[in-house]
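Structural features, examined
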Amino acid sequence: EEYKYYLIDDKEQTMNSGFIQDEINLDPFIVTLGARVDHYDRWGTNFYPKAGLVYRTSDSLKFKGSIGKAFKAPNFGELYYNEFFMDGRSWIRGNPDLDPEEALGYQIGAEYRYNNLLMQCSLFRNDLKDMIKIYTIQENYKMGKPLWSYHNIEKAHTQGVEFNMIIDFTEKLKGKLGYTFVNSEDENTGKDLTYTPEHDVIVELNCKESKWLPHINLKGEYVGERYQNSENTKELGGYFLAHVKFSKTFFKRYNAFLSIDNIFDKKYDEESEMPGTEFLGGLSVNF
């Protein structure tokens, strides 16, 4: 028997939004100020500002800092899924009583260039209110699969460090190594947040197109171990994904591309439906 998700009833939601941003150059400082306003027919008007500062001490070294608020409304699936059978792994049921998620984020960092090497390092923290997370209602539901739903975590935070190293091997060939460490916590229980890995590594190789060859982007990502349940008693192993993208410009105005995500069709567990290998191709025209 084939199972598919569907909404409980016909639902609709209206959102209107606006965004403004200004960059002010006060050499050696650059100040960025921005604000966004969203109006939902269900949750009213929400205003969240953001401010950033860059201090350039030399052509090689600069420091950055930013602070901003964010607002995330639950999507239709999180609200209204009625027994969505997800990828043969579990059933998911929506929660129409979910509240929107709010966050206050801070980040400070530095960027240093030495010849053809660029290094970036930043510290970050996000304080979250009513964070939307998936949890298990029942371990053995239909067909012996668990039943999941969504709930709000009253207070939580994520914090950590992000490091990137970008190197220009040649004029056309560039490489990148990125690492992120994240510490997360549900502040009500003191447990780690589900499906939030401590370690994430990205390796990327980027080759610009030439007369005969397309632009080629190779990307590998390692996602570390993470907890599947809020009690932190079920741990999922890490996994590695590989992706590739090709693009080529023809006659100066046509650009064709082909991307292949999850090349090796890796099977892995996350809180949303995880597709296997995906192919996407297209053609764009510039006038």
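This write-up is about the structure you can find in this document. Predicted model only: the values in this text are computed from it and were never measured. Throughout this description, residue numbers start from 1 for each chain and increase along the sequence as written. It should be noted that, the model being predicted, local features are given only for residues of pLDDT at least 70 and side-chain atom pairs only at 80 or more, the latter also being counted only at that level, while totals for whole chains, interfaces and linings use all residues. Only hydrogens and water are set aside; all other atoms, that is, all heavy atoms of the structure, feed into the side-chain values.

**Side note on the packing of aromatic side chains**
Aromatic rings from Phe, Tyr and Trp, with only the six-membered ring used for Trp, were paired whenever their centres fell within 6.5 Å, and each pair was classed as stacked if the ring planes differed by under 30 degrees, edge-to-face if by over 60, and tilted otherwise. One pass over the full model with this rule turns up 8 aromatic pairs. Note on tyrosine 239 and tyrosine 268: the rings are 4.3 Å apart at their centroids and 25° apart in plane angle, and the pair reads as stacked. Of this pair, tyrosine 239 sits in strand 15 (residues 239–250) while tyrosine 268 sits in the loop between strand 16 (254–261) and strand 17 (278–285), and the two are 29 residues apart along the sequence. With a relative accessible area of 8%, tyrosine 239 lands in the buried category. Put simply, the rings of Tyr40, Trp43, Tyr48 and Phe71 pair up and form one aromatic cluster. Here, a charge over a ring means that NZ of Lys or CZ of Arg falls within 6 Å of the ring centre while also lying within 35 degrees of the ring normal. Residue placement shows lysine 245 over the ring face of phenylalanine 257; its charged tip is 5.3 Å from the ring centre. Cation over ring: lysine 248 sits above phenylalanine 250, and NZ or CZ is 5.8 Å from the ring centre. Each helix corresponds to a stretch of at least 4 residues labelled H or I by DSSP, and each strand to a stretch of at least 2 residues labelled E; elements are numbered beginning at the N terminus. Remark: exposure states derive from per-residue accessible area (1.4 Å probe, protein chains only) relative to the maximum for the residue type, with buried under 20%, exposed over 50%, and partly exposed in between.

**Quick notes on the nonpolar core**
Ranked by size, the top nonpolar core spans 17 residues in total, and within it Trp43, Phe71, Ile92, Ile134 and Tyr150 carry the most contacts. Among the elements of the structure, helix 1 (76–80), strand 8 (117–138) and strand 9 (147–168) are those that each provide at least two residues to this core. Side-chain atoms within 4.5 Å are what join buried Ala, Val, Leu, Ile, Met, Phe, Trp, Tyr and Cys residues into a set we call a nonpolar core.

**Considerations on the pairing of strand 10 (residues 173–186)**
Relative to strand 10, strand 9 runs antiparallel, the two being bridged by 13 bridges. If you follow phenylalanine 163 over to strand 10, its bridge partner there is tyrosine 179. Only when DSSP finds a minimum of two bridges between them are two strands counted as paired. Remark: 4 residues form the turn of the hairpin made by strand 9 and strand 10, two consecutive strands paired antiparallel. Relative to strand 11 (residues 199–207), strand 10 is paired through 9 bridges, and the arrangement is antiparallel. Across the sheet, the residue bridging to lysine 174 is asparagine 206, located in strand 11.

**Considerations on the pattern of salt bridges**
Salt bridges are defined by distance alone: a side-chain nitrogen of Lys or Arg within 4 Å of a carboxyl oxygen of Asp or Glu. Counted under the stated rule, the structure contains 10 salt bridges. Residues arginine 36 and aspartate 38 are paired through a salt bridge, measuring 3.1 Å at the closest nitrogen-oxygen approach. Since its relative accessible area comes to 3%, aspartate 38 is described here as buried. A salt bridge links arginine 125 to aspartate 127; its shortest N-O distance comes to 2.9 Å. A relative accessible area of 26% places arginine 125 in the partly exposed class. Among the charged side chains, a network of salt bridges with common partners joins Lys62, Lys64 and Glu111.

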